[in-house]
Amino acid sequence: MSFEAFPVSGGTLLHDGDYAPFAASWFALARKRLWVSVFIIDTRVLRDPLRSVRGLVEQLARARWRNVDVRVLVGVSDTPEVHIANTTSALYMRELGVPVRLFHSERHVSTHSKFVIVDDRVLLGSHNWTHSAFHVSHEDSLAVNSPQLAMGLGRDFERLWTEGARKAEAAHAS
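Quick caveat: nothing in here was measured; it's all calculated off a predicted structure.

*Asks:* Kindly report on the overall build of the protein chain, identifying the contributing residues and their values.
*Replies:* Within the protein chain, the secondary structure is distributed over five helices and eight strands. Overall, the protein chain shows an N-to-C arrangement of helices and strands of β-β-α-β-α-β-α-β-β-β-α-β-α. A total of 174 residues make up the protein chain; the buried ones form 49% of that total. Summarising the internal contacts of the protein chain: among those between residues at least 6 apart in sequence, 76% fall at separations of at least 24. Within the structure as shown, the protein chain displays about 8,500 Å² of accessible surface, and the carbon and sulfur contribution to it stands at 57%.

*Asks:* Outline unusual backbone geometry, listing residues and values.
*Replies:* Even without being a glycine, arginine 51 presents a positive backbone phi close to 60°. Mapped onto the secondary structure, arginine 51 falls in the loop between strand E3 (33–38) and helix H2 (52–65). With phi around 70°, asparagine 67 is a residue other than glycine that occupies positive phi space. Of note, asparagine 67 is situated in the loop between H2 and strand E4 (69–74). Overall, the relative accessible area of 69% leaves asparagine 67 in the exposed class.

*Asks:* How would you sum up the pattern of salt bridges? Please name residues and give values.
*Replies:* Taken as a whole, this structure holds eight salt bridges when the rule is applied. Between glutamate 81 and arginine 44 there is a salt bridge; the shortest N-O distance is 2.6 Å. You can see glutamate 81 sitting in helix H3 (residues 80–95) and its partner arginine 44 sitting in the loop between E3 and H2, a full 37 residues away along the chain. Look at glutamate 81 and you get partly exposed, because its relative accessible area is 36%.

*Asks:* With reference to specific residues and values, describe the packing of aromatic side chains.
*Replies:* Counted under the stated rule, the structure contains six aromatic pairs. Consider the rings of tyrosine 19 and phenylalanine 134, whose centres lie 5.6 Å apart with planes at 20°: the pair is stacked. In this pair, tyrosine 19 is assigned in helix H1 (residues 19–29) and phenylalanine 134 in helix H4 (residues 131–135), connecting sequence segments 115 residues apart. Judged on exposure class, the residue tyrosine 19 and its partner phenylalanine 134 are both buried. Between phenylalanine 157 and tryptophan 161 the ring centres are 5.9 Å apart and the planes differ by 20°, which places this aromatic pair in the stacked class. With phenylalanine 157 and tryptophan 161 both in helix H5 (residues 147–173), this residue pair falls four residues apart, about one helical turn. Taking relative accessible area as the criterion, phenylalanine 157 reaches 0% and is therefore assigned buried.

*Asks:* Please provide a residue-by-residue account of the packing of H1 against H2, values included.
*Replies:* When two helices pack together, their arrangement is given by the angle between their axes and by how far apart the axes lie. Closest axis-to-axis distance for the H1/H2 pair is 9 Å, and the angle between their directions is 5°. One element, H1, and the other, H2, form an angle in the roughly parallel class. Listed contacts from H2 to Tyr19, Ala20, Ala23, Ala24, Phe27 and Ala28 of H1 are Leu56, Gln59, Leu60 and Ala63. The residue makeup of the contact of H1 with H2, split by class, is nine nonpolar, one polar and no charged.

*Asks:* Just give me the short version of the nonpolar core, but keep the residues and values in it.
*Replies:* By size, the foremost hydrophobic cluster in this structure holds 35 residues, and its most contacted members are Phe27, Leu34 and Trp129. Broken down by secondary-structure element, the contributors of at least two residues to this core are H1, E3, H2, E4, H3, strand E6 (115–118) and H4. Those residues in contact with phenylalanine 27 that sit more than four places away from it in its chain are Leu34, Leu56, Gln59, Leu60, Ala63, Arg66, Val116, Val118 and Trp129. One finds Phe103, Val122, Ala150 and Phe157 within the second-largest nonpolar core, a separate group that totals twelve residues.

*Asks:* Quick rundown of the side chain of serine 77? Include the residues and the values.
*Replies:* Among the structural elements, serine 77 can be located in the loop between E4 and H3. Within the structure, the side chain of serine 77 is placed 3.0 Å from the backbone nitrogen of threonine 79, a separation counted as a polar contact. Apart from the residues within four sequence positions on either side, serine 77 is in contact with Phe39, Val82 and His83.

Conventions and cut-offs
Residues numbered from 1 in each chain as written. Predicted model: local features only at pLDDT ≥ 70, side-chain atom pairs only at ≥ 80, totals over all residues. Heavy atoms only, no water. Helix = DSSP H or I, 4+ residues; strand = E, 2+ residues; numbered from the N terminus. Buried < 20%, exposed > 50% of the residue type's maximum accessible area, 1.4 Å probe, protein only. Contact = heavy atoms within 4.5 Å. Areas by Shrake-Rupley, 256 points an atom, 1.4 Å probe, with all protein chains shown as cover. Salt bridge = Lys/Arg side-chain N within 4 Å of Asp/Glu carboxyl O. Phe/Tyr/Trp six-rings, centres within 6.5 Å; stacked < 30°, edge-to-face > 60°. Axes fitted to C-alpha atoms, helices over the stretch in contact; angles between N-to-C directions. Parallel < 35°, antiparallel > 145°, perpendicular 65-115°, else oblique. Nonpolar A, V, L, I, M, F, W, Y, C, P; charged D, E, K, R; others polar. Core = buried A, V, L, I, M, F, W, Y, C linked by side-chain atoms within 4.5 Å. Polar contact = N/O pair within 3.5 Å; in protein donor to acceptor, adjacent residues only side chain to side chain.

The following block contains the structure:
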């Protein structure tokens, strides 16, 4: 894996298995915020044999311990396999002290966005956080240093974070 081999104007193109080690290196440098929006996160041991997904989640916990504002939005799905993966992973993240919300709202059934904001940098593309996305499927994502993009996606993330919280509170109240 040589993620530096694919620089593009203003960023780095990440193919397949380059995503997880690159993301981990960025997570280790986070100082202000580390916000994640991913449709599927699968930390189940039998589904993550190389611990690639768990490694990223553990990096989130380390950032949280450094007082970085860490938040994770994960999609909601009617597909049983995705539902089990996301709810199990959410429980694991909560155990590690990582704030996580399974996103659903009045307006949206789920979020399919896949992006990470690390301070003023953004990682976005097709990668879910699964063994398959990191080691089997063909996936592409782009890492860019763009305060403007981070600001725009950050506003969207905050809106979805708040919207998802209102829906969860309404569900608990009924």
